[in-house]
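Structure at a glance
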Amino acid sequence: MNVLYGNIVPVWPVTMTAIGHTKLVQQWVRRGHKVVAATAFYGDRAEAQAATGAILEPFSPFHVDRFSRLREPKYILYSLLFFFHYLRLRRKYRTFDVVCIRNAFVGWCIPWVRRHFKAYCAISITDLLSGFLYWKPAFPRWLVDWLWKTEIRIISRFDLVFCITEEMRQVLVAAGIPAEKIRISGDGVDAAVFDPGAISAEHRRRIEDELGPGGPRILFYGNLHEEVVDRFLQIVDATVRRLPGARFIVIGKGDAHELLRKKAAGRPLLHLGFRPHEELPAYIAACQVGIIPYLHSQNSDNILTLKLLEYGAMGLPIVATPLKAIFRLFGHSPWIRFEEDSESFAAAIAAQAGRGFQPEESRFFRENFDWRQIMDRVVATIEEDYARRPR
């Protein structure tokens, strides 16, 4: 099939928050389809095409990524302007069999796309932009509610909808999207990268030297909201009271990370800033506990945070807030402790810190949540549904 894939996020290089996007494109190609990837892009086009197997048709009217100032307005403006990219693609390629979108706002004009490309249209949703905005007082509630309704209206126009958890499916159904349109894809981990056996002793020693003496080491990386910073620091303080030598290792960038760095002054917290996705396994291997200290929200309760899967694939004991989606999936896991308040969270860290590498945990996550399996099911489901549709 000829497939048009659209998203705001660049298809290459792989990043810790957009890896599923890259894996989906690669799986389309592996299954023998011709893929045109229409996304923002700021790198080496030849390198990206060689790595993904797709034909890149970049649309980058301005730079936007998850760390951009005014990210949300830029995402919406980018999506509106994307219509002109659709026009250019229409002139160049004339038609596609399937249009696959990975961001709701990029699909705002999908009725026009379906009519002019004569295409079957599928969308994969990992979260909703409006879900992030409920955190932010700069965005009035009426505006966030309007954006939420707009995203739902856009999603409802697709032939097939993928979401990542049962909780997200329930939200979509309650909002009026027919249940028969929706499939749960789940989220994944790159089992070839997050492989405990692939990290040499020398590499691990280099990371341990970088992190410095002391321990146990408690790791957090990735997305962080400003509302979580105070809870994070409460957990740090409560943990140090129980484990005087404990050190927190944090990886990531953005405004909330900078706030955490400033507020953590004088505490045993080492903030490393950004690290490439492929380097994360070595940092996980050098730590004793991985944490997910998020607060409950309309967004966090419905998603399957990738860091949990990546911690698990590396056999790292985990402590997490009992967010609805991950608690439903892993509430009885022997490797994960779920705690709400900061004192209980810290007590769980202390209990997990002495457990060491968990080989059964690593095997479970690597065998059951490998990206290639996840995206193979997504593409196969679209192929089957497409084949049943009258044309």
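For the structure, see preceding data.
The text that follows walks through the structure, step by step, so that each part is easy to find. Along each chain, residue indices are assigned from 1 in the same order as the chain's sequence is written. Restriction of local features to residues with pLDDT of at least 70 applies here, the model being predicted, together with a cutoff of 80 or more for giving and counting side-chain atom pairs; totals for whole chains, interfaces and linings are based on all residues. The side-chain quantities take in all heavy atoms of the structure and omit both hydrogens and water.

A short note on the overall build of the protein chain
Each helix corresponds to a stretch of at least 4 residues labelled H or I by DSSP, and each strand to a stretch of at least 2 residues labelled E; elements are numbered beginning at the N terminus. Summing up its helical and strand segments, the protein chain has 16 helices and 13 strands in all. Here the C-alpha atoms of the protein chain give a radius of gyration of 21 Å, agreeing with the 21 Å that 2.2 N^0.38 yields for 391 residues. Dimensions of the protein chain along its principal axes, counting C-alpha atoms only, are 65 × 45 × 40 Å. Buried, partly exposed and exposed residues are distinguished by accessible area as a fraction of the type maximum, computed with a 1.4 Å probe on protein chains only: under 20%, between the cut-offs, and over 50%, respectively. With 391 residues in all, the protein chain has 57% of them scored as buried. Across the protein chain, contacts joining residues at least 24 apart in sequence account for 68% of those joining residues at least 6 apart. Areas reported as accessible are Shrake-Rupley estimates using a 1.4 Å probe. Residue values count occlusion only from the protein chains shown. Carbon and sulfur atoms form 54% of the exposed surface of the protein chain, whose accessible area is close to 16,200 Å². Under the convention used here, Asp and Glu are negative, Lys and Arg are positive, and both His and the chain ends fall outside the count. Taken as the charge location is NZ of Lys, CZ of Arg, CG of Asp or CD of Glu. One way to put it: in the protein chain the 52 positive side-chain charges average out to a point 6 Å from where the 42 negative ones average out. With the radius of gyration taken over C-alpha atoms, the globule rule is written as 2.2 Å times the number of residues to the power 0.38. Residues are treated as being in contact if the distance between any of their heavy atoms lies within 4.5 Å.

Description of helix H16 (residues 371-388)
How far a helix is expected to stretch is found by multiplying one less than its residue total by 1.5 Å. For H16, which comprises 18 residues, the first-to-last C-alpha distance of 26 Å matches the rise-based estimate of 26 Å (1.5 Å per residue) to within 8%. Where H16 is concerned, the buried positions are Trp-371, Ile-374, Met-375, Val-378, Val-379, Ala-380, Ile-382, Glu-383, Asp-385 and Tyr-386. In this structure, the buried residues of H16 make contact with helix H1 (19-30), strand E4 (98-101), strand E5 (120-125), strand E6 (160-163), strand E7 (182-184) and helix H12 (306-313).

Describing the nonpolar core
Judged by nonpolar contacts, the single largest core of 137 residues is most densely connected at Tyr-86, Ile-291, Phe-330 and Ile-382. Once you skip the residues sitting within four places of it in the chain, Phe-330 turns out to touch Leu-304, Leu-308, Leu-309, Ile-336, Phe-338, Phe-364, Phe-365 and Phe-369. Among the buried residues, those of types Ala, Val, Leu, Ile, Met, Phe, Trp, Tyr and Cys that are joined through side-chain atoms within 4.5 Å form a nonpolar core.

Quick notes on the sheet that holds strand E13 (residues 336-338)
Two orientations exist for strands paired in a sheet by backbone hydrogen bonds: parallel and antiparallel. The strand order across the open sheet built from six strands is E10-E9-E8-E11-E12-E13, with neighbouring strands paired in parallel fashion. The outermost strands of the open sheet, each flanked by one partner alone, are strand E10 (269-271) and E13. When strand polarity is set aside, the average angle formed by the axes of neighbouring strands in this sheet is 25 degrees. Where strand E8 (residues 217-221) meets strand E11 (residues 289-292), two bridges bridge the pair, whose relative direction is parallel. The partner of Ile-218 across the bridge, within E11, is Val-289. Only the contacting stretch of a helix is used when fitting its axis, a line to C-alpha atoms as for every element, and angles between N-to-C directions run 0 to 180 degrees. Packed onto the sheet, helix H14 (residues 342-352) meets E8, strand E9 (247-251), E11, strand E12 (318-320) and E13 and runs at close to 170 degrees relative to E12. For two strands to pair, DSSP has to find at least two bridges joining them.

Focus: the packing of helix H9 (residues 226-242) against helix H10 (residues 255-263)
It is at 9 Å that the axes of H9 and H10 come closest, and there the two elements cross at 30 degrees. Taken together, H9 and H10 sit at an angle that is classed as roughly parallel. Where H9 crosses over H10, the two elements pack in a sense that is right-handed. Taken together, the residues of H10 that come into contact with H9 (itself represented by Glu-226, Val-229, Asp-230, Phe-232 and Leu-233) are Asp-255, Ala-256, Leu-259, Leu-260 and Lys-263. Working rule for angles: under 35 degrees goes down as roughly parallel, over 145 as roughly antiparallel, 65 to 115 as roughly perpendicular, anything else as oblique. Note on convention: near helix rotated counterclockwise from far helix by under a right angle means a left-handed crossing. Clockwise means right-handed.

Topic: the pattern of salt bridges
We count a salt bridge whenever a side-chain nitrogen from Lys or Arg sits within 4 Å of a carboxyl oxygen from Asp or Glu. Under the criterion given, the structure shown has 24 salt bridges. The salt bridge involving Arg-328 is made with Glu-167; its shortest N-O contact spans 3.0 Å. Residue Arg-328 is found in helix H13 (residues 324-330), and its partner Glu-167 is found in helix H7 (residues 166-174); the two are separated by 161 residues along the sequence. Overall, Glu-167 belongs to the buried group, its relative accessible area being 11%. Close ionic contact of Arg-388 with Asp-385 constitutes a salt bridge, the shortest N to O distance being 3.1 Å. With a gap of three residues between them, Arg-388 and Asp-385 both fall in helix H16, about one helical turn apart. On the basis of relative accessibility, which here comes to 58%, the residue Arg-388 falls in the exposed class. Accessibility expressed as a relative area gives 6% for Asp-385, which makes it buried. Via salt bridges that share partners, Arg-114, Asp-159, Asp-385, Arg-388 and Arg-389 belong to a single interconnected network.

Some thoughts on helix H2 (residues 45-52)
Think of a polar contact as two N or O atoms within 3.5 Å of one another; within protein, one of them needs to be a possible hydrogen donor and the other a possible acceptor, and neighboring residues in sequence only count if both atoms come from side chains. Between a side-chain oxygen at the N-terminus of H2 and the backbone nitrogen of Ala-46 the separation is 3.0 Å; the capping residue is Asp-44. Backbone geometry just downstream of H2 places Gly-53 in the positive-phi region, at approximately 80 degrees.

Comments concerning the environment of Ala-40
Within the element layout of this structure, Ala-40 appears in the loop between strand E2 (34-38) and H2. Ala-40 gets classed as buried once you look at its relative accessible area, which sits at 0%. Placed 316 residues apart in sequence, Ala-40 and Gly-356 show a C-alpha to C-alpha distance of 41 Å. In this structure Ala-40 touches Asn-7, Ile-8, Val-9, Pro-10, Val-11, Phe-59, Ser-60 and Tyr-78, once residues within four positions along its chain are discounted.

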